[in-house]
Amino acid sequence: MENTANDVQIYELEKVKFIIRDACNLDIAYAYDDLVFSEHGIFIVQFVKNNPNELYCWFNAESPEKSVKPIFDSLKTTCDLNKVKITYMGRFEMNQKENSEEIDIRFIK
């Protein structure tokens, strides 16, 4: 199957990098496809397909509940100032595949 211009998604990684840095004083650790991993794996920001002004946010299942709200509130404030909507989606778990450097991610709503 051949990709057309309509199939290709261009994500604004620099904008998300700025939002994470401004809101949390963290860098991005890794970006893959539509996912942007914060430093230390605290949360993942996910781009919303076909909407550059909307993001989803997932927090690591290992992050203490008491730290999630202040971090998300800070992300939301910075997003609001930049005319971007961010939605808390739930938690995620990361596990390294056996005998591999690959990682499995499981999203938990």
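Describe helix α1 (residues 13-24), naming the residues involved and giving the relevant values.
Each turn of an α-helix holds 3.6 residues, which means side chains three or four residues apart point in the same direction. Look at α1: 16 Å from first C-alpha to last across 12 residues, which is about the 16 Å you get at 1.5 Å a residue. Residues of α1 that are buried: V16, I19, I20, A23 and C24. Mapping the buried residues of α1 onto a view down its axis gives an arc of 95°, with all of them on the same face. In this fold, the buried residues of α1 make contact with β1 (28-32), β2 (35-38), β3 (43-48), β4 (51-60) and α2 (65-81).

Give a detailed account of a nonpolar patch on the surface, specifying residues and quantitative values.
Taken together, the side chains of M94, I103, I105 and F107 make up a nonpolar region of the molecular surface, amounting to roughly 310 Å² of accessible area. It is strand β6 (residues 103-108) that contributes the most residues to the nonpolar patch, 3 residues altogether. With respect to the helices and strands, M94 occurs in strand β5 (residues 85-96).

Before we move on, could you go through the side chain of N60 and cite the residues and values that matter?
Note that N60 resides in strand β4. Residue class for N60 comes out buried when judged on its relative accessible area of 11%. One polar contact links the side chain of N60 to the main-chain amide nitrogen of E62, over a distance of 2.9 Å. Here N60 is in contact with G41, I42, F43, R91, F92 and M94, once residues within four sequence places are set aside.

Which residues make up the pairing of β1, and what values go with them?
Relative to β2, β1 runs antiparallel, the two sharing 4 bridges. Across the sheet, residue Y32 finds its bridge partner in β2, namely L35. Here β1 hands over to β2 after 2 residues, with D33 in that stretch at a positive phi of 55°.

Tell me about the pattern of salt bridges, and please be specific about residues and values.
A pair can form between side chains of opposite charge whenever their charged atoms are brought close. Going through the model one piece at a time under the given rule, you end up with 8 salt bridges. Of the charged contacts, one joins K69 and D73 as a salt bridge, the two residues approaching to 2.8 Å between their closest N and O atoms. Note that K69 and D73 are positioned in helix α2 at a spacing of 4 residues, about one turn of the helix. Accessibility expressed as a relative area gives 53% for K69, which makes it exposed. With a shortest N-O distance of 3.9 Å, K97 and D104 are connected by a salt bridge. Looking at D104, the relative accessible area reads 40%, which means it is partly exposed. Several salt bridges converge on common partners, so that one network encompasses K97, E102 and D104.

So what's going on with unusual backbone geometry? Which residues, and what values?
Excluding glycine, most residues fall at negative phi; most peptide bonds, likewise, are trans. Non-glycine residue H40 carries a positive phi angle of around 70°. In this structure, N99 takes a positive phi of about 55° despite not being glycine.

Pulling in residues and values, what's your account of the nonpolar core?
Within the largest apolar cluster, 20 residues are counted, with the highest numbers of intra-cluster contacts made by I20, F43, L55 and L75. Of all elements in the fold, only α1, β3, β4 and α2 reach the threshold of two or more residues within this core. In this structure, I44, W58, M89 and F92 belong to the second largest nonpolar core, which totals 6 residues.

What counts and what doesn't
Residues numbered from 1 in each chain as written. Predicted model: local features only at pLDDT ≥ 70, side-chain atom pairs only at ≥ 80, totals over all residues. Heavy atoms only, no water. Helix = DSSP H or I, 4+ residues; strand = E, 2+ residues; numbered from the N terminus. Expected span 1.5 Å × (residues − 1). Buried < 20%, exposed > 50% of the residue type's maximum accessible area, 1.4 Å probe, protein only. Arc of directions from axis to C-beta. Contact = heavy atoms within 4.5 Å. Patch = residues over 30% accessible without salt bridge, like charges linked within 9 Å, V, L, I, M, F, W, Y side chains within 5 Å. Areas by Shrake-Rupley, 256 points an atom, 1.4 Å probe, with all protein chains shown as cover. Salt bridge = Lys/Arg side-chain N within 4 Å of Asp/Glu carboxyl O. Polar contact = N/O pair within 3.5 Å; in protein donor to acceptor, adjacent residues only side chain to side chain. Pairing = 2+ DSSP bridges. Core = buried A, V, L, I, M, F, W, Y, C linked by side-chain atoms within 4.5 Å.

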